[in-house]
Amino acid sequence: MRSSWFNKLFNKIGSRQPVSRLILCLIILLALIAIFGSSSVGIIDPAPHVPASLIYTNYRRIKEQAAVDYLELRSVLATGNRELNLCGRETENFVPCYNVSANLLAGFKEGEEFDRHCELLVGAEKCLVRPPKDYKIPLQWPASRDIIWSGNVKITKDQFLSSGSMTKRLMLLEENQIAFRSEDGLMYDGVKDYSRQLAELIGLGSDTEFPQAGVRTILDINCGFGSLGAHLSSLDIVAVCVSGYEVTGSQVQLALERGLPAVIGNFVARQLPYPLLSYDMVHCAQCDIIWDEKDGMSLIEVDRVLRPGGYFVLTSPTSRPQGTQQDETFIWQKTADVHCYASRNKDAIPLCKEEDNDPSYYRPLVRCISGTSSKRWIAIQNRTSELSSAELHVHGKYSGVEPEEFSEDLQFWSSAIKDYWSLLSPLIFSDHPKRPGDEDPLPPFNMIRNVMDMNANYGGLNQALMEEKKSVWVMNVVPTGAPNTLPLIIDRGFTGVLHDWCEPFPTYPRTYDLLHANGLLSHLASERCTMLNLFLEIDRILRPEGWIILTDKLGAIEMARSLASQVRWEARLIDLQNGSDQRLL
């Protein structure tokens, strides 16, 4: 049975016709009502403009945000809440901070011109990145793993013809689709056989035994178009693609379009945005990295992110006496014995002096061995799928998490996600006729695929989605100014990165179905960036018809609601009416 507020909501929106603009999903927000334990909820009708008097009333209520609020209000009032213009067609695949021409002019060379340089990003135009004219909403998972719309990605025909590495499938380019499977369902380039061979090389019977051997998370460097990750996803193994920025034929863009975890990144000069001891395996198949350059700094970075007992897999072509080439695979295993480093000779690479919670946010590469003093030094073979009390104690020391708080967070999200998912149906099926007394059909488990939690805390949203067996993966983002809980998230077996939300996120446009942020707006109030810039970045990342959930203090949410109309979002503000200063948008 629906409650009275649920009926009220359905009557308001049930007969509305679908729109083609970006839709901010009201229903997701309603689902979170149950999170806060409120049975009395007020729905505030959408409005294109929030009166200045109301904004200033709330401005007085949140004095700690005074400086940022003033700048935001001045921006809102100056523009009169008019919609922002669309950017030019040339920005359809625009990724800020990766302007190769500007980087060259600034003096970056030897590969650093392809690196991330947000310090050069000044005076960016405030406009909305538009989709290509042939853009289509991606297919739902798992169909998207095997077929994508060719108009959604930027790739040339020549790049199709040259995509023959071990981890790139021989793709079929049809009229408006890219297919990654043959008609009989077998993979063309033998990824299944390749994965099985890797398992055999480390003493396993098949790749289905990877998790039992401690291999649950893999960093796939220059992943091709995600063949290995697509296969391993069926084995509940998380393979994250990391590859440098590419103007066309982007490995990261195609992987994300297929619904596979991926992020732009390289380690020409700076560390990846991961903590030390993050992955069980690092995989590189024809990844075009010269590992012995710069005194092996790239190899040292691989060692930094690789867990004790983990594997580094390198597949590369080897010349034969007959003049032919054949791919050969080499595997190294990182020692699980931390004491072995004490027996090295004095000329060996020195050991780093660092703490577990040292943030690795694009820091310069260092020529020292990391992690040997870490309390997180646990061999992958000794890890379990759940954090032990000892591991949680270690994380409590560095990130401040208490066992009771961690348990409460787990229960909070476990309950919340059930309510949230069940309440999605009215908007999704708003154009379907219903008879009185009909139950709302539950949304499908694969309704969304690529999810980003912009202020992930302990990764509770990720855990809850997994427990409910939703067909999603989550990019857990820990803001750089927040407590560094990323090592905790990584040790739970989840995907995540550190990120400064005053800068653009390292991904291509239109790569996520759902963005969630709890308390992020208040967090940014003390930073140097504006809410409008954040909304422009969210709009760039979000797919058309994608959803956003924002929960925060009243003043921040009302200001966000005012800005939503400028970026052409449909918005609903939900008052919990429970006496708190929290609202949902």
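This text goes with the structure placed above it.
Since the model is a prediction, treat every value here as computed from it, not as a measurement.

A short note on unusual backbone geometry
Logical step 1: Cis geometry marks the peptide bond from Trp141 to Pro142, where omega comes out at 10°.
Logical step 2: For Pro142, the position within the fold is in the loop between helix H5 (100–105) and helix H6 (143–146).
Logical step 3: In the Ramachandran plot, Asp295 falls in the positive-phi region, its phi being about 55° despite a non-glycine side chain.
Logical step 4: If you check the backbone angles, Lys469 has positive phi at about 60° while not being a glycine.
Logical step 5: Mapped onto the fold, Lys469 is located in the loop between helix H15 (460–467) and strand E12 (473–479).

Side note on the state of the cysteines
Logical step 1: The full count for this structure, using the stated rule, is six disulfides.
Logical step 2: Two residues, Cys87 and Cys127, share a disulfide whose sulfurs are 2.0 Å apart. Disulfide Cys87-Cys127: torsion about the S-S bond near 100°, hence right-handed. Of this pair, Cys87 sits in the loop between helix H4 (66–79) and H5 while Cys127 sits in the loop between H5 and H6, placing them 40 residues apart in sequence.
Logical step 3: You can call Cys127 buried: its relative accessible area is 9%.
Logical step 4: Here Cys97 connects covalently by a disulfide to Cys118, the sulfurs 2.1 Å from one another. Where Cys97 bonds to Cys118 through sulfur, the torsion about that S-S bond is close to 110°, and the disulfide is right-handed. A residue pair is termed long-range when its members are at least 10 positions apart, and Cys97 in the loop between H4 and H5 and Cys118 in the loop between H5 and H6 qualify at 21 residues. Each member of the pair, Cys97 as well as Cys118, carries the same accessibility label: buried.
Logical step 5: For the chain, the bonded cysteines pair up as 1-4, 2-3, 5-6, 7-8, 9-10, 11-12 when numbered in the order they occur along the sequence.

Side note on the packing of aromatic side chains
Logical step 1: Evaluated as defined, the whole model comprises 14 aromatic pairs.
Logical step 2: Centre to centre, the rings of Tyr245 and Tyr508 are 6.0 Å apart; their planes meet at 20°, and the pair counts as stacked. Of this pair, Tyr245 sits in the loop between strand E6 (238–243) and helix H10 (251–257) while Tyr508 sits in the loop between strand E13 (495–499) and strand E14 (512–518), and the two are 263 residues apart along the sequence.
Logical step 3: Of the residues examined, Tyr245 reaches a relative accessible area of 15% and is grouped as buried.
Logical step 4: Through pairs of rings, three or more aromatic residues link up here, namely Phe267, Trp291, Phe312, Phe330 and Trp332.
Logical step 5: Sitting over the face of the ring of Trp141, Arg145 holds its NZ or CZ atom 5.4 Å from the ring centroid.
Logical step 6: Here the guanidinium or amino end of Arg258 rests over the ring plane of Phe180, the centre of that ring lying 3.8 Å away.

What to know about H15
Logical step 1: Counted residue by residue, H15 has six buried out of eight residues, so it is predominantly covered.
Logical step 2: Those residues of H15 that sit buried are Gly460, Leu461, Asn462, Gln463, Ala464 and Leu465.
Logical step 3: Positive phi shows up at Lys469, right after H15, with a value of about 60°.

Details of the packing of helix H18 (residues 531–541) against helix H19 (residues 554–564)
Logical step 1: In contact at an axis separation of 10 Å, H18 and H19 are set at 60° when each is read in the N-to-C sense. With respect to H19, the axis of H18 lies oblique. With respect to the hand of their crossing, H18 and H19 are arranged in right-handed fashion. Facing H18, whose interface residues are Met531, Leu532 and Phe535, H19 presents Ala556, Met559, Ala560, Leu563 and Ala564.
Logical step 2: For the contact of H18 with H19, the per-class residue count stands at eight nonpolar, no polar and no charged.

Quick notes on the environment of Leu536
Logical step 1: Mapped onto the elements, Leu536 comes out in helix H18.
Logical step 2: You can call Leu536 buried: its relative accessible area is 12%.
Logical step 3: Separated by 31 residues in the primary sequence, Leu536 and Val567 place their C-alpha atoms 7.1 Å from one another.

Here's the deal with the pairing of E14
Logical step 1: The buried fraction of E14 is high, at six of seven residues.
Logical step 2: Pairing geometry for strand E11 (residues 450–453) and E14, over three bridges, is parallel. In the sheet register, Asp453 faces E14, and the bridge partner there is His516.
Logical step 3: In this sheet, strand E15 (residues 542–553) lies alongside E14 in parallel orientation, the contact comprising six bridges. Residue pairing across strands places Tyr512 opposite Leu542, the latter belonging to E15.

Parameters and conventions
Residue positions are given per chain, counting from 1 as you read along its sequence in written order. In view of the model being predicted, local features appear only for residues whose pLDDT reaches at least 70, and side-chain atom pairs are presented and counted only at 80 or more, with totals across whole chains, interfaces and linings using the full set of residues. Calculation of side-chain values draws on the structure's entire complement of heavy atoms; hydrogens and water are dropped beforehand. By the criteria applied, helices consist of DSSP H or I runs no shorter than four residues and strands consist of E runs no shorter than two, each listed in order from the N terminus. The criterion for a disulfide is a pair of cysteine sulfur atoms lying within 2.5 Å. Summary of the burial criterion: residues with accessible area below 20% of their type's maximum are buried, those above 50% are exposed, and those between are partly exposed, where the area comes from a 1.4 Å probe applied to protein chains only. Side-chain rings of Phe, Tyr and Trp (the six-membered ring for Trp) are treated as a pair once their centres are within 6.5 Å; stacked means planes under 30 degrees apart, edge-to-face means over 60, and tilted covers the remaining angles. To sit over a ring, a charge needs its Lys NZ or Arg CZ within 6 Å of the ring centre and within 35 degrees of the ring normal. With axes taken as lines fitted to C-alpha atoms, and helix axes fitted only over the stretch in contact, angles between N-to-C directions fall between 0 and 180 degrees. An angle below 35 degrees is treated as roughly parallel, one above 145 as roughly antiparallel, one from 65 to 115 as roughly perpendicular, and anything else as oblique. Whether a crossing is left-handed or right-handed is set by the direction in which the near helix is turned from the far one by less than a right angle, anticlockwise for left-handed and clockwise for right-handed. Here, two residues are considered to be in contact whenever any of their heavy atoms come within 4.5 Å of each other. Three classes are used, and their members are as follows: Ala, Val, Leu, Ile, Met, Phe, Trp, Tyr, Cys and Pro are nonpolar, Asp, Glu, Lys and Arg are charged, and the others, Gly among them, are polar. Pairing between strands requires that DSSP locate at least two bridges from one strand to the other.

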